[in-house]
There are 4 protein chains.
Amino acid sequence: MWSVRTKEDVVEAYRKQSICDAAMRVVARKGMKDVTVQDIADEAGLAKGTIYSYFESREEILARTMENATASLVEKLGIACKACRTFREVLEQRVRTQLHHFDDNRDFFRLYLAMAEPFGERRLKQHPTYQTYLAQLQRLVRDAVARGEIRDANVERLSIAISSVVRDIVLHRMIEREPPSLDDDVQFAVDFIMRGIQS
Amino acid sequence: MWSVRTKEDVVEAYRKQSICDAAMRVVARKGMKDVTVQDIADEAGLAKGTIYSYFESREEILARTMENATASLVEKLGIACKACRTFREVLEQRVRTQLHHFDDNRDFFRLYLAMAEPFGERRLKQHPTYQTYLAQLQRLVRDAVARGEIRDANVERLSIAISSVVRDIVLHRMIEREPPSLDDDVQFAVDFIMRGIQS
Amino acid sequence: MWSVRTKEDVVEAYRKQSICDAAMRVVARKGMKDVTVQDIADEAGLAKGTIYSYFESREEILARTMENATASLVEKLGIACKACRTFREVLEQRVRTQLHHFDDNRDFFRLYLAMAEPFGERRLKQHPTYQTYLAQLQRLVRDAVARGEIRDANVERLSIAISSVVRDIVLHRMIEREPPSLDDDVQFAVDFIMRGIQS
Amino acid sequence: MWSVRTKEDVVEAYRKQSICDAAMRVVARKGMKDVTVQDIADEAGLAKGTIYSYFESREEILARTMENATASLVEKLGIACKACRTFREVLEQRVRTQLHHFDDNRDFFRLYLAMAEPFGERRLKQHPTYQTYLAQLQRLVRDAVARGEIRDANVERLSIAISSVVRDIVLHRMIEREPPSLDDDVQFAVDFIMRGIQS
DNA sequence: TATGAATGAGAATTCATTCAT
DNA sequence: GATGAATGAATTCTCATTCAT
């Protein structure tokens, strides 16, 4: 059915993930433009040639790495707070999840920022994972508008505004040697955003 | 007096600026990491070697380009709305100036974003022009807090939140093929921000 | 034991030697200062990039080439005439070996001369192979002095004088389209030197 | 007759000499292959373009510099010891003059050595100044042979042997931080050479 | 399948030479 | 004549990609 080759597929997926993980660590150390395929191979404990059994090109590795990394955050966000009642609760959960994620993965940080810049020919808007992320957020906002919890403004712009505030809080936590407590930042962000959007 | 070499200096400054302008256009087309010195030379209508009479290295060109470009915006912002009374008025002027600036200089866009990512060893926080920009904003916020116009919260975080919202509006204007009217975006941003910060 | 990597080492050493051999031929044709890495690669039948798997830089190739080439002569000289009784016999063997070496390796000629000029920051005296060469000669001279075969003068200066005579004979053989017979030059040199040094 | 343009010629000759002098100093500092035309211009206090009013190319500057420098020594040698009676006296004068010359002009040293290596396509033998030098020496040797002062061997080879011994003494004086006294080296060289050549 | 040596297009940088002022 | 800005060919070195083992 869905195949005799399951095992191979699993192995392949595992290898790809290992390579992306390695790529993430190296990117975090050297910055996207200075990472060589050799760097990634070394970090992954593989030969350079082997990398090319799993990926077409350097560009593909980096693109996939970016996707995987973001996907993991988006997934966490997707399951965050199924039980929450109000938009404020949802928002707080999401913000906390994001801040945690970045506190846990300083590595991820540069990739995340790098995502905000043009990558190859693809732009932010075209990036599928970013699409998912924004769609998720927009759905939540739309629902909250429908429930009258927040004001009836352009949903897309509201979402963008929300994500931008969170992003920059994240960014500054990364940069600060001693950032404010996570709870403080969560409270500030949620408060600022809620003021901006409540009816 | 203030020097015999004025003329040479002026010519030199003019050349450097031309090169940075060219660099900006090319970066806008190809993305920072893919720009070659030859690209810049071609765009500037100069020979590759000539570029090196004015700059030490490719890195220096890009760094200087970034600085110049941002400095010009920061300067505009600095003189914006000397006559404004309320923080809302100031904010509106600033947001409008920024949105205009980016509408006028799509080129600049990628550079601006690129600034938000690690550049060489320098980071956002260390970047002097960004420092100036943020300091400006913080001063305005602090004054407004003192006047009781906006609530008494952490000034730095308020400023970051403000700038992040504007930045993402800008970003999305750049990406949209047909962005909302500039006035609409200005209103949205000012409104969102003011809600977030008023007492 | 003395390593699992013997084979790789041998291959590497062989490659390095091939490249140095190629470098020697090209230097002989174009002169040290005009040799490009591309020249060496072409001569070696390798791609430019391959050269850089074996050497760090153009400078390293040339330095190593010089060393290898001289080392091979010094080695020959070291084993020359173990059975000789008198200093005159040893000297004759050595001179003959050198003249042969250069007759066989016109290529080597320029390198040898180049060694007599400053190379990078290192000078003749600091060059390890030249050190070996001179030390060898000095030992022979000292022994001969001890045996009373040659006069008791400053050993270093005697050695320098000896090597300089031989070097210039070599040089002129290279330059002459039709040099004297090898035996004639050997006899002349040995005779001249022996007169200069015998007690 | 031989011209209205004498004055211009003198100025031109003077300029050329200044440039060669400058070149000599720079070569002494940086080594022949690393000297740029800009270096020479700076050292001479002229603009780069001006250099090209006096010389066709970088190569010509260096060639002429070499020639001038050597010519000055050869000239000194030509007038040395007109009054000397025996070959030994002449030889001693010449050796002393050469050692002095190099003690006075460490700058000159590298050029001298550089001359011993191929220069462009011209070789040692073809170099006119070296020709002059060797011819001078050979004449002296031939005369001495005629007078029965030294043995009747191949004049060219004797001359080569003589010049090589002197050259290496010079070389080693340059290299040694504390060389033997000039007189000692003169005595050693003259003694060694005379033994090699006397009948 | 994994490897890593080999490749060579392409990038940054240098510098001899020219030429308008 | 003198200048030095401009030029671009030449050079070193890098690294993504291929492919024989």
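Anyway, here's the lowdown on the structure attached to this text. These figures come from a predicted structure and were not determined experimentally. Going along each chain's sequence as written, the residues are numbered from 1 onward. Written order determines the labels here, with chains lettered from A and ligands numbered from 1. Reporting in this predicted model follows two pLDDT cut-offs: at least 70 for local features of residues, and 80 or more for side-chain atom pairs to be given and counted; totals over whole chains, interfaces and linings ignore these cut-offs and use all residues. The side-chain figures draw on all heavy atoms in the structure; neither hydrogens nor water molecules are used.

Moving on, we get to the protein's contact with DNA strand E. Every one of the 28 residues lining DNA strand E counts as a neighbour, but T50(A), Y52(B), R58(B), R15(C) and Y54(C) are closest to it. Nearness here has a simple test: a residue counts as near a molecule or strand if at least one of its heavy atoms is within 4 Å of that partner. When atoms of DNA strand E within 4 Å of the protein are sorted by moiety, sugar and phosphate together comprise 68%. The contact in question runs from a phosphate oxygen of DNA strand E to an N or O atom on the side chain of T50(C), over 2.7 Å. Class assignment for the residues of the surface near DNA strand E results in 12 nonpolar, eight polar and eight charged. A 3.5 Å cut-off defines polar contacts: any pair of N or O atoms within that distance qualifies, except that in protein one atom must be a possible hydrogen donor and the other a possible acceptor, and neighbouring residues in sequence count only when both atoms are side-chain atoms. Charged residues are taken to be Asp, Glu, Lys and Arg, nonpolar residues to be Ala, Val, Leu, Ile, Met, Phe, Trp, Tyr, Cys and Pro, and polar residues to be all remaining types, Gly included.

A separate point is the protein's contact with DNA strand F. As a structural note, the neighbourhood of DNA strand F is formed by 29 residues, with R15(B), T50(B), Y54(B), K48(C) and T50(D) the closest of them. Here DNA strand F approaches the protein such that, of its atoms within 4 Å, sugar and phosphate make up 67%. The contact in question runs from a phosphate oxygen of DNA strand F to an N or O atom on the backbone of A47(B), over 2.9 Å. Put simply, the parts of the chain that give the surface near DNA strand F at least two residues each are helix 3 (48-54) of chain A, helix 3 (48-54) of chain B, helix 3 (48-54) of chain C together with helix 3 (48-54) of chain D. The secondary structure listing takes helices from DSSP runs of H or I that are at least 4 residues long and strands from runs of E that are at least 2 residues long, numbered from the N terminus.

With that settled, consider the packing of helix 1 (residues 6-30) of chain D against helix 4 (residues 58-79) of chain D. Residues and elements named next belong to chain D. To get an axis, fit a line to the C-alpha atoms, keeping to the stretch in contact for a helix; angles then go from 0 to 180 degrees between the N-to-C directions. Close contact between helix 1 and helix 4 brings their axes to 9 Å; oriented N to C, the two are set at 95°. With respect to their mutual orientation, helix 1 and helix 4 come out roughly perpendicular. Taking contact as the criterion, the partners of Q17, I19, C20, A23, M24 and V27 in helix 1 are, on helix 4, I61, L62, R64, T65, N68 and A69. Each residue belonging to the contact of helix 1 with helix 4 can be placed in one class, and the counts come to eight nonpolar, three polar and one charged. For classification, angles of less than 35 degrees are called roughly parallel, those exceeding 145 degrees roughly antiparallel, those between 65 and 115 degrees roughly perpendicular, and all remaining angles oblique. Any pair of residues with heavy atoms lying within 4.5 Å of one another is described as a contacting pair.

As a further point, take helix 4 (residues 58-79) of chain A. In an α-helix, one turn spans 3.6 residues, which is why side chains three or four residues apart end up on the same side. By this rule, a helix spans an expected 1.5 Å times one less than how many residues it contains. The end-to-end C-alpha distance of helix 4 of chain A, which contains 22 residues, comes to 32 Å, matching closely the 32 Å that a straight helix rising 1.5 Å per residue would cover. Two residues or fewer past helix 4 of chain A, C81(A) is found with a positive phi of approximately 60°.

Time to look at helix 1 (residues 6-30) of chain B. Residue and element names in this part refer to chain B. Taking 1.5 Å per residue, 25 residues should reach 36 Å; helix 1 reaches 36 Å between its end C-alpha atoms and fits that length. Turning to helix 1, its buried residues are I19, C20, A22, A23, M24, V26, V27 and A28. Backbone geometry just after helix 1 places G31 at a positive phi near 85°. Using a 1.4 Å probe on the protein chains alone, a residue whose accessible area is under 20% of its type maximum counts as buried, one over 50% counts as exposed, and one in between counts as partly exposed.

Put simply, helix 9 (residues 182-197) of chain C and helix 9 (residues 182-197) of chain D touch, their axes get as near as 7 Å, and they point 125° apart. Classified by the angle between their axes, helix 9 of chain C and helix 9 of chain D sit oblique to one another. Handedness of the crossing formed by helix 9 of chain C with helix 9 of chain D: right-handed. Of helix 9 of chain D, the residues touching helix 9 of chain C (which contributes F192(C), I193(C), R195(C), G196(C) and I197(C)) are F192(D), I193(D), R195(D), G196(D) and I197(D). Class assignment for the residues of the contact of helix 9 of chain C with helix 9 of chain D results in six nonpolar, two polar and two charged. The handedness criterion is simple: a crossing whose near helix is rotated anticlockwise from the far helix by less than a right angle is left-handed, and one whose near helix is rotated clockwise is right-handed.

Glancing now at the packing of aromatic side chains. Note on aromatic pairs: the rings of Phe, Tyr and Trp (six-membered ring only in Trp) are paired at centre separations within 6.5 Å, and the planes decide the class, stacked below 30 degrees, edge-to-face beyond 60, tilted for the rest. Under the definition given, this model contains six aromatic pairs over all chains. Through a chain of ring-to-ring contacts, the aromatic side chains of F188(A), F192(A), F188(B) and F192(B) assemble into a single cluster. Lying over the aromatic face of F55(B), K16(B) brings its terminal NZ or CZ to 5.5 Å of the ring centre. By definition here, charges over rings are those cases where NZ of Lys or CZ of Arg is within 6 Å of the ring centre and within 35 degrees of the ring normal.

Relative to the helices and strands, T132(C) is located in helix 7 (residues 128-146). Along the primary structure T132(C) and A71(C) are separated by 61 residues, whereas in three dimensions their C-alpha atoms are 8.8 Å apart.

Moving on, we get to the pattern of salt bridges. Between Lys or Arg on one side and Asp or Glu on the other, a salt bridge is scored when a side-chain nitrogen of the former is within 4 Å of a carboxyl oxygen of the latter. All chains considered together, the criterion is met by 45 salt bridges over all chains. Of the charged contacts in the structure, one is a salt bridge between R64(A) and E60(A), with a shortest N-O distance of 3.6 Å. Here the residue R64(A) and the residue E60(A) both occupy positions in helix 4, the gap between them amounting to four residues, near one helical turn. Taking the shortest distance from any N to any O, the salt bridge between R96(C) and D183(C) comes out at 2.4 Å. Note that R96(C) is positioned in helix 5 (residues 87-104) and D183(C) in helix 9, a separation of 87 residues in sequence. In the salt-bridge network here, residues are joined through shared partners; they are E60(A), R64(A) and E67(A).

Our next topic: the environment of S199(B). Residue and element names in this part refer to chain B. On the secondary structure map, S199 appears in the segment after helix 9 (182-197). Of the residues examined, S199 reaches a relative accessible area of 66% and is grouped as exposed. Residues S199 and H172, spaced 27 residues apart in sequence, show a C-alpha to C-alpha distance of 29 Å. Setting aside anything within four residues of it in sequence, one finds S199 in contact with G148, E149, I150 and R151.

Residue and element names in this part refer to chain B. Take A144: it is sitting in helix 7 (residues 128-146). As for A144 and Y130, which are separated by 14 residues in sequence, their C-alpha atoms are 21 Å apart. What A144 contacts, discounting residues up to four positions off in sequence, is F87, E149 and I150.

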